[in-house]
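# Close look at the chain arrangement
This is what each chain is made of:
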Amino acid sequence: QLELVESGGGLVQPGGSLLLACSASGLSLDDYGIGWFRQAPGKEREGVSCISDDGSRRNFRDSVKGRFTVARDHITAYLRLNNLKPDDTGVYFCAADYLYPCEAGEPRESDFPYWGRGTQVTVSS
């Protein structure tokens, strides 16, 4: 049972950057693929990015391609948010699944059994 914790959210101006982190209280994330999701006020949660269990595959939703990057090490997964826009505002969640391959397309909520509680990202001037 993984208990994931996100950190790094905050208030940033349009065009700014944030680095989100996802960890399992220091436990290894080896063999777990990671998905990143977000939920804007009044909207459904949507997949943003994923990285495979071995780090070899990464995918992004179209609206963040070229602005967001994803990375990982043995105990932490990262989502770097660059050139942020007001539409990027929302609660960002990380999720994990054993041996998740992160194949083409956005990650799907139903693929992930382990979730964090989220971190708020607000983009506003």
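Relevant structure appears above.
Residues numbered from 1 in each chain as written. Predicted model: local features only at pLDDT ≥ 70, side-chain atom pairs only at ≥ 80, totals over all residues. Heavy atoms only, no water.

## Describing the state of the cysteines
A disulfide bridge is the covalent bond that connects two cysteines by way of their sulfur atoms. Counted only if it meets this: Note on terminology: pairs of cysteine sulfur atoms within 2.5 Å are recorded as disulfides. Secondary structure elements follow DSSP: runs of H or I no shorter than four residues count as helices, runs of E no shorter than two count as strands, and numbering proceeds from the N terminus. Residue burial is assigned from relative accessible area. The probe radius is 1.4 Å, only protein chains are included, and a residue is buried under 20% of its type maximum, exposed over 50%, and partly exposed in between.
Across all of its chains, the model carries two disulfides by this definition. The disulfide partner of Cys22 is Cys94, and the S-S distance across this bridge is 2.1 Å. On the S-S bond that ties Cys22 to Cys94, the torsion sits near 70 degrees, and the link is right-handed. Of the two residues, Cys22 sits in strand β3 (residues 18-23) while Cys94 sits in strand β9 (residues 90-98), which places them 72 residues apart along the sequence. Residues Cys22 and Cys94 agree in their burial class; the two are buried. The side chain of Cys50 participates in a disulfide bridge whose partner is Cys102; the two sulfur atoms lie 2.1 Å from each other. One disulfide, between Cys50 and Cys102, carries an S-S torsion of 80 degrees and so falls in the right-handed class.

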